Amino acid sequence: MISVTIYTTGPQCAQCMLTKKVLAASGISYTDVDLRDADNVAARDYVTDDLGYSQAPVVVVDDEPQNHWSGFRDDLIRDLASRSGLSR
């Protein structure tokens, strides 16, 4: 089972909402971390400092540093669903 975490900036972020919608439609479960939440400073630092992103959403698969992306990436979600034995 894969572990997917999506770092978002809330419901006003169209790419964040679309990414969550397509992940769910693909049968991929995920954990949503709102980077605007004051309790998520460490997550914000991880996304910006460790991964180097300045745009949400940021999707991290299995906590692997090499397996992540930023923005809405339907192609990578399809690939992830395929590798996981799920289909849309």
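Here the structure is shown first, and the text comes after it.
In short, a report on the structure. (Residues numbered from 1 in each chain as written. Predicted model: local features only at pLDDT ≥ 70, side-chain atom pairs only at ≥ 80, totals over all residues. Heavy atoms only, no water.)

**A look at the state of the cysteines**
In protein chemistry, a disulfide is the covalent bond that joins the sulfur atoms of two cysteines. Basically, it comes down to this: A pair of cysteine sulfur atoms is labelled a disulfide when the two atoms are within 2.5 Å. Partly exposed describes any residue whose relative accessible area lies between the buried limit of under 20% and the exposed limit of over 50%, with all areas from a 1.4 Å probe on protein chains only and scaled to the type maximum.
On inspection of all chains with the given rule, the structure shows 1 disulfide. Paired by a disulfide, Cys 13 and Cys 16 hold their sulfur atoms 2.4 Å apart. Looking along the S-S bond of the Cys 13-Cys 16 disulfide, the torsion reads about 75 degrees, which is the right-handed sense. Neither residue differs from the other here; Cys 13 and Cys 16 are each classed as buried.

**Re the pattern of salt bridges**
Our working definition: Should a side-chain nitrogen of Lys or Arg be within 4 Å of a carboxyl oxygen of Asp or Glu, the pair is scored as a salt bridge. Every helix listed is a DSSP run of H or I at least four residues long, and every strand listed is a run of E at least two residues long, numbered separately from the N terminus.
Considering all chains together, one arrives at 5 salt bridges under this definition. As a salt-bridge pair, Arg 73 and Asp 75 come within 2.7 Å of each other at their nearest N and O atoms. By relative accessible area, which is 32% here, Arg 73 ends up partly exposed. For Asp 75, a relative accessible area of 34% corresponds to the partly exposed category. The partner of Asp 79 in a salt bridge is Arg 83, with the nearest N and O atoms 3.2 Å apart. In this pair, Asp 79 and Arg 83 are both assigned in helix 3 (residues 74–83), 4 residues apart and thus about one turn of the helix distant.

**Some points on the environment of Ala 24**
By the element assignment, Ala 24 lies in helix 1 (residues 14–25). Between the C-alpha atom of Ala 24 and that of Ile 77, which follows or precedes it by 53 residues, the distance is 10 Å.

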